[in-house]
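Results of the structural survey
The primary structure of each chain is shown beneath.
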Amino acid sequence: MDTTSTPPALVLPTTPSLNHARTTLHHTLPSTPLGLDATLKHLESDIAPAVPASSVSPRYFGFITGGATPAARAADSLVTAWDYSVAVHLPAESIATEVEAAALDLLCDLLDFDPEVFTHRTFTTGATASNVIGLTLGRDWVVEEAARRKGVEVSVTDHGLVKAMRLAGLDEIRVLSAMPHSSVAKAVSIAGLGRANIVDVARDGAPWRVDIKKLRAELGREGVGSIVCLGAGEVNTGYLDTAPEDVYAVRAACDEFGAWLHADGAFGLMARILHPSTYPAIHRSYAEELADSITGDAHKLLNVPYDCGFFFSKHLALASRMLANAAAYLTPPASSGPTVPSPLNIGIENSRRFRALPVYATLLAYGGSGYSEMVFRQIGLARRVAAWIEGSKGYELLPRGGERGDIFMIVLFRARDEELDKSLARRINATGRIYVSGTVWEGETAVRLAVANWQVEVEREGAVVEEVLSQVLDKYEEEKASES
Ligand SMILES: *Cc1c(COP(=O)(O)O)cnc(C)c1O
């Protein structure tokens, strides 16, 4: 990956360009259409200057946006040019479903998952959609499993949730988790499970970690079916929520009590590509291969353009039942070509973008070694900034009690001065040179710096971050001194 091009000077649009763009927007159809040239001019001169360089700049550390590698970007242009909908497997007519299947195989290879075990694999619009599929499959499975354990056969897909739960002897379904991503609550709500049924099973003093005792106590409740939702990793700290020594205990508890295990690895999955023999200092989560279902995002650390997520599960038969989209006109004709499940029967959408192509291209172009090297740079920058913060007088590294060796690609910190802390994210972002997210950690405002772009260089970006953080501190102290 060639990271040598100079990053744009500013990561955010200026206020005047935002205001200007706003005044130029059309909210009714023009009486005479603008035509192609004038429309493109409008996009380029009015709208483009008001769009942040969030995915373009290696110095945008808000959310976890990633970027787009040159190979992924080029492939994405082809996707638009071809405008082919990958829905039905038509081996005599199109190679597209086989390219998707190959891209999913390459992802398994990159992330070290056994494709024979994770038989249900599909691309999604992002991690939220993957969480919706995971929790919905989990919902159906725990009800059907509770029924099986009573010697009754039920199908949630056929009977509906209410009747199936009654037949299975279940009053509630709960989702057990430690600091799940906000999209998990949304997925829980869409799946009809109820946001109030998300139960916190976090360890005291380490709220991002699952407490096995609490987990087992919740799993053992009479009349309750459970989905365990692991965060790999937690979005403020990047930490994984299952301590390595607890991973097998979590799986064993799920097996004992008939619970479904879902792992949300939207960005954390990429820690898996750093092989311990090559990068011994880097943590990796060993939990995901034990999960029933896994959420991943490709538009984050894999650095393909929006929108692209993926979903793996071990339950192809259940998924094919729940997500089947049967219609005579959508049934592939008998053919001698390779068999691949039609994407419309194992995912949410019917018509869908050929979003596998950029994944296929970027993995071929850079391979496992290119991506390990990229993640290593991202972790290198995060750890450099963390070390600088630890050595600074004005800032404090969070979480208190966290291990430096657990830092992946997110740095959580605050200003020691309460007043400064309240406006810290705004002051950092006002410099325009880098962008961070404000958050709340253990009741206090904090700042989160997430490294996710493929272009990141440790020395170049590290120096800018440290300069900005020093400047913000100096400026605040000057302001205070001039007030008194
Ligand atoms: C970003 C993120 C999500 C949501 O992903 P989208 O791609 O924005 O839908 C879910 N879980 C985690 C852990 C995330 O970091």
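Residues numbered from 1 in each chain as written. Predicted model: local features only at pLDDT ≥ 70, side-chain atom pairs only at ≥ 80, totals over all residues. Heavy atoms only, no water.

Quick notes on the site of the ligand
Quick reminder of the rule: Proximity is defined per residue: if any heavy atom of the residue lies within 4 Å of a molecule or strand, that residue is considered near it. Polar contact is defined as a pair of N or O atoms within 3.5 Å, subject to the rule that within protein one atom must be able to donate a hydrogen and the other to accept it, and that residues adjacent in sequence are counted only when both atoms are side-chain atoms. The method behind every accessible area is Shrake-Rupley, applied with a 1.4 Å probe, and residues are considered shielded solely by the protein chains displayed. Definitions used for this entry: grid spacing 1 Å over protein atoms alone; cavity, a set of points where a 1.4 Å probe fits but cannot get out; pocket, an open set with protein on both sides within 12 Å along at least 5 of 7 lines; lining residue, one with an atom within 4 Å of a point. Whether a molecule lies in a cavity or pocket depends on its atoms, and more than half of them have to be within 2 Å of the grid points. Any residue outside Ala, Val, Leu, Ile, Met, Phe, Trp, Tyr, Cys, Pro, Asp, Glu, Lys and Arg is labelled polar, Gly included; the first ten of those are nonpolar and the last four are charged.
Taken together, 14 residues surround the ligand, and among them Thr-128, Asp-264, Asp-297, His-299 and Lys-300 come closest. One of the side-chain N or O atoms of Asp-264 is found 2.6 Å from a nitrogen atom in the ligand. Note that an oxygen atom of the ligand is positioned 2.8 Å from one of the side-chain N or O atoms of Lys-300. When the free accessible area of the ligand is taken as 380 Å², the share hidden by the protein chains comes to 83%. The pocket occupied by the ligand, as judged from atoms lying within 2 Å of grid points, is the largest pocket. The class makeup of the residues in the shell around the ligand is four nonpolar, seven polar and three charged.

Some details on the side chain of Thr-3
For the record, the criterion: Note on conventions: DSSP H or I runs of at least 4 residues are helices, E runs of at least 2 residues are strands, and numbering of each starts at the N terminus. Summary of the burial criterion: residues with accessible area below 20% of their type's maximum are buried, those above 50% are exposed, and those between are partly exposed, where the area comes from a 1.4 Å probe applied to protein chains only. By definition, residues are in contact when any of their heavy atoms lie within 4.5 Å.
In this fold, Thr-3 is placed in the segment before α1 (15-24). You can call Thr-3 buried: its relative accessible area is 9%. Excluding its chain neighbours within four sequence positions, the residues that come into contact with Thr-3 are Arg-377, Trp-454, Gln-455, Glu-457 and Arg-460.

Here's the deal with the pairing of strand β8 (residues 293-297)
For a regular strand, side-chain orientation follows a simple rule: the groups alternate between the two sheet faces. The condition that has to hold: By definition, two strands form a pair when at least two bridges between them are found by DSSP.
By the criterion of burial, β8 is predominantly enclosed, with five of the five residues buried. In β8, alternate side chains face the same way, and those of Ser-293, Thr-295 and Asp-297 on one face and Ile-294 and Gly-296 on the other are all buried. Direction of pairing for strand β7 (residues 260-264) relative to β8: parallel, over a ladder of three bridges. Bridging across to β8, Asp-264 finds its partner in Thr-295.

Overview of empty space enclosed by the protein
Convention followed: Grid points are joined across faces, edges and corners, and a volume is the space filled by probe spheres set on the points.
As enumerated under the stated definition, the model contains three cavities of 30 Å³ or more in all. Estimates place the volume of the largest cavity at around 60 Å³. Forming the boundary of the largest cavity are 13 residues, of which Ala-266, Leu-269, Met-270, Asp-297 and Phe-310 lie nearest the centre. Among the elements that take part in the lining of the largest cavity, helix α4 (residues 96-111) stands out by supplying three residues, more than any other. Grouping the constituent residues of the lining of the largest cavity by class yields ten nonpolar, one polar and two charged.

Things to note about the packing of helix α3 (residues 70-82) against helix α12 (residues 356-390)
Going by this rule: Each axis is a line fitted through C-alpha atoms, taken for helices only over the stretch in contact, and angles between the N-to-C directions span 0 to 180 degrees. Each angle gets one of four labels, with under 35 degrees taken as roughly parallel, over 145 as roughly antiparallel, 65 to 115 as roughly perpendicular, and the rest as oblique. Crossing handedness is defined as follows: a turn of the near helix away from the far one that is anticlockwise and smaller than a right angle gives a left-handed crossing, while the clockwise case is right-handed.
Running from amino to carboxyl end, α3 crosses α12 at an angle of 150 degrees, the nearest separation of the two axes being 8 Å. Relative to α12, the element α3 is oriented roughly antiparallel. By crossing handedness, the relation of α3 to α12 is classed as right-handed. Side by side, α3 and α12 meet where Pro-70, Ala-71, Ala-72, Ala-75, Asp-76, Leu-78, Val-79 and Trp-82 of the first sit next to Leu-357, Pro-358, Ala-361, Thr-362, Ala-365 and Tyr-366 of the second. Grouping the constituent residues of the contact of α3 with α12 by class yields twelve nonpolar, one polar and one charged.

Describing the pattern of salt bridges
Condition: Salt bridge criterion: a side-chain nitrogen from Lys or Arg within 4 Å of a carboxyl oxygen from Asp or Glu.
Inspection of every chain in the model, using the stated rule, returns 35 salt bridges. A salt bridge links Glu-289 to Arg-272; the nearest nitrogen and oxygen atoms lie 2.6 Å apart. In this pair, Glu-289 sits in the loop between β7 and β8 while Arg-272 sits in the loop between β7 and β8, placing the two residues 17 residues apart along the sequence. Residue Arg-272 is classed as buried on the basis of its relative accessible area, which comes to 2%. The salt bridge involving Glu-444 is made with Arg-414; its shortest N-O contact spans 3.4 Å. In this pair, Glu-444 sits in strand β13 (residues 444-450) while Arg-414 sits in strand β11 (residues 410-415), placing the two residues 30 residues apart along the sequence. Look at Arg-414 and you get buried, because its relative accessible area is 4%.

Considerations on the domain arrangement of the protein
This is how the line gets drawn: Domain segmentation is taken from an automatic or database assignment of domains. Summed over both partners, the accessible area lost on bringing two parts together, with a 1.4 Å probe, is the buried area.
Taken domain by domain, the protein holds domain 1 (1-69 + 367-484) and domain 2 (84-354). Here domain 1 and domain 2 have C-alpha centroids that lie 31 Å from each other. When the two sides are added together, the surface that domain 1 and domain 2 hide from each other amounts to roughly 2,600 Å², 63% of it contributed by carbon and sulfur. A per-residue breakdown of the area domain 1 buries against domain 2 is headed by Ile-64, Phe-408 and Trp-441, which together make up 23% of the total. Remark: the boundary between domain 1 and domain 2 carries zero salt bridges. Inspection of the domain 1/domain 2 interface yields eight residue pairs in polar contact (both at pLDDT 80 or more). Contributing elements (two or more residues each) for the side of domain 1 that touches domain 2: α12, β11 and β12 (437-441). With ten residues, α12 is the largest single contributor of residues to the side of domain 1 that touches domain 2. Split into classes, the residues belonging to the side of domain 1 that touches domain 2 amount to 17 nonpolar, twelve polar and six charged.

As for the UniProt feature "modified residue: N6-(pyridoxal phosphate)lysine" (unreviewed entry) in the protein
To keep things clear, this is the line we draw: UniProt positions are given in the numbering used here, feature names are shortened, and annotations may be inferred rather than shown by experiment.
Following the UniProt record, the feature "modified residue: N6-(pyridoxal phosphate)lysine" (unreviewed entry) maps to Lys-300 here. Tracing the chain through its elements places Lys-300 in the loop between β8 and β9 (309-313). A distance of 3.5 Å separates a polar atom in the side chain of Lys-300 from a polar atom in the side chain of Asp-297.

Concerning the sheet that holds strand β3 (residues 198-200)
Note: strands within a sheet are paired through backbone hydrogen bonds, in either parallel or antiparallel orientation. Pairing is mixed in the open sheet, where seven strands are placed in the order β1-β9-β8-β7-β6-β2-β3. Each of the sheet's edge strands pairs with one partner strand only, and the pair in question is β1 (120-124) and β3. Each strand of the sheet is rotated relative to its neighbour by a mean of 20 degrees, with strand direction disregarded. Examined bridge by bridge, strand β2 (residues 172-177) and strand β6 (residues 224-231) share six bridges and lie parallel to one another. Residue pairing across strands places Ile-173 opposite Gly-225, the latter belonging to β6. Seen against the sheet, α4 touches β1 and β9 and runs at an angle of roughly 105 degrees to β1.

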